[in-house]
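# Geometric and topological summary
Here is what each chain is made of, one letter per residue.
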Amino acid sequence: KISIFIPIYNKENFINKCIESIFLQTLKDIEIIAVNDNSNDSSLKILETLSKRDNRIKIINNNKNHGLLYSRAIGILKSSGEYLMNLDADDELKGYNSLKYLYFKAIRYNIDIITFSFENKKNNKNINICNNLNIIQKQPKLFFSIFSSDNNIKDFFIWNKIIKREIFLKAYKAFKKEIYIWKWNYFEDDVWNIFVNRFAKSKLCIDRVIYI
């Protein structure tokens, strides 16, 4: 139902907590795609240990350090879920029913993108970046919504969403040449987000904290 792809580079101190937060989810029909971007710490060993506990984990090893843009793309291409979620290796999911809630909400209303709230660990604040809560947005308002919000935080994040795989694939095809040319580690989620919002036909923003 949902594929979660995790780009990983030297995150040995965070991986266990990140993936454990997925193991705790009540939605079991998921896959976890861990893209090891040629880490030189013990990230791979930790992933291999975790995969022995749960065969839903698929480990992909990049032959060299390609960067986040490439690693996210590989996660998308290797996924098989109806919906995809990006989870950064030093972050985690909140609650046990989060994925189940998101999936059935998306299926019920046939939504391409669901955006959710997140918790900022630095100040323990819950943040919502939407200005149209619980309203299904269509194009062109859907696309322009990423540039505005009630609290002046632009919605350029790719990790606070579940997105239909077919939409992610359209985004990939739109700029795949750049993915293999540039080693892009900063603001690459802005690019992904702009493209998925360009190709999506429906979007729903909910005020529920899913991500930490």
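Below: a short report on this structure. (Residues numbered from 1 in each chain as written. Predicted model: local features only at pLDDT ≥ 70, side-chain atom pairs only at ≥ 80, totals over all residues. Heavy atoms only, no water.)

If you look at the biggest cluster of nonpolar residues, it comprises 38 residues, and the most contacted ones within it are Ile 2, Ile 4, Ile 6 and Met 85. Those elements giving two or more residues to this core turn out to be β1 (2-8), α1 (15-23), β2 (30-36), α2 (43-53), β4 (83-86), α4 (98-109), β5 (113-120) and β8 (203-211). With five residues, the single largest contributor to this core is α1. Filtering out sequence-adjacent residues up to four positions away, Ile 4 remains in contact with Ile 22, Ile 30, Glu 31, Ile 32, Ile 33, Met 85, Leu 87 and Leu 99. By size, the runner-up hydrophobic cluster in this structure holds 23 residues, among which are Ile 33, Ile 76, Val 191 and Trp 192. (Core = buried A, V, L, I, M, F, W, Y, C linked by side-chain atoms within 4.5 Å. Buried < 20%, exposed > 50% of the residue type's maximum accessible area, 1.4 Å probe, protein only. Helix = DSSP H or I, 4+ residues; strand = E, 2+ residues; numbered from the N terminus. Contact = heavy atoms within 4.5 Å.)

With that settled, consider the side chain of Asp 37. Position of Asp 37 relative to the elements: it lies in the loop between β2 and α2. With a relative accessible area of 4%, Asp 37 lands in the buried category. If we skip the residues at most four places from it in the chain, Asp 37 touches Ile 8, Tyr 9, Asn 62, Lys 64, Asn 65, His 66, Gly 67 and Ser 71.

Further remarks concern unusual backbone geometry. Cis rather than trans, the peptide bond between Gln 139 and Pro 140 has omega equal to 5 degrees. Locating Pro 140 in the fold gives a position in the loop between β6 (125-127) and α5 (141-144). The phi dihedral of Asn 110 falls on the positive side, at around 55 degrees, and the residue is not glycine. Along the chain, the position of Asn 110 falls in the loop between α4 and β5. In this structure, Asn 124 takes a positive phi of about 55 degrees despite not being glycine. With respect to the element layout, Asn 124 can be found in the loop between β5 and β6. Residue Asn 124 is classed as exposed on the basis of its relative accessible area, which comes to 60%.

What follows is about the environment of Glu 188. Inspection of the secondary structure puts Glu 188 in helix α8 (residues 188-199). Taking the C-alpha atoms as reference points, Glu 188 and Glu 119, separated by 69 residues in sequence, lie 21 Å from one another. Excluding its chain neighbours within four sequence positions, the residues that come into contact with Glu 188 are Leu 68, Leu 69 and Arg 72.

Before going further, it helps to examine the packing of helix α3 (residues 68-77) against helix α6 (residues 165-174). Between α3 and α6, the shortest axis-to-axis distance is 10 Å and the interhelical angle comes to 135 degrees. Considering their axes alone, α3 and α6 lie oblique with respect to each other. As for the relative orientation of α3 and α6, their crossing is left-handed in sense. Contacts between α3 and α6 involve Ala 73, Ile 76 and Leu 77 on the former and, on the latter, Arg 165, Phe 168, Leu 169 and Tyr 172. (Axes fitted to C-alpha atoms, helices over the stretch in contact; angles between N-to-C directions. Parallel < 35°, antiparallel > 145°, perpendicular 65-115°, else oblique. Left-handed = near helix turned anticlockwise from the far one by under 90°.)

Before going further, it helps to spend a moment on the pattern of salt bridges. A complete count under the given rule lists 10 salt bridges for this structure. Of the charged contacts in the structure, one is a salt bridge between Lys 1 and Asp 29, with a shortest N-O distance of 3.4 Å. Residue Lys 1 is found in the segment before β1, and its partner Asp 29 is found in the loop between α1 and β2; the two are separated by 28 residues along the sequence. Asp 29 sits in the partly exposed class, given a relative accessible area of 43%. Close ionic contact of Lys 121 with Glu 92 constitutes a salt bridge, the shortest N to O distance being 3.0 Å. On the criterion of sequence distance, the pair formed by Lys 121 in the loop between β5 and β6 and Glu 92 in the loop between β4 and α4 is long-range, its members being 29 residues apart. The class of Glu 92 is buried, set by a relative accessible area of 13%. A network of salt bridges, in which partner residues are shared, links Lys 17, Glu 92 and Lys 121. (Salt bridge = Lys/Arg side-chain N within 4 Å of Asp/Glu carboxyl O.)

This brings us to the packing of aromatic side chains. Going through the model one piece at a time under the given rule, you end up with 10 aromatic pairs. On the numbers, 5.8 Å between centres and 80 degrees between planes, the contact of Phe 168 with Trp 192 is edge-to-face. Of this pair, Phe 168 sits in helix α6 while Trp 192 sits in helix α8, and the two are 24 residues apart along the sequence. Overall, Phe 168 belongs to the buried group, its relative accessible area being 1%. Between the aromatic rings of Phe 195 and Phe 199, the centroid separation amounts to 6.5 Å while the plane-to-plane angle is 15 degrees, which identifies the pairing as stacked. Linking Phe 195 with Phe 199, this pair stays in helix α8, spanning four residues, or about one helical turn. Looking at Phe 199, the relative accessible area reads 23%, which means it is partly exposed. By the ring-pair criterion, three or more aromatic residues cluster together here, those being Phe 118, Phe 157, Trp 159 and Tyr 211. Seen from the ring of Tyr 101, Arg 208 lies directly overhead, with NZ or CZ sitting 4.0 Å from the centre. (Phe/Tyr/Trp six-rings, centres within 6.5 Å; stacked < 30°, edge-to-face > 60°. Lys NZ or Arg CZ within 6 Å of the ring centre and 35° of its normal.)

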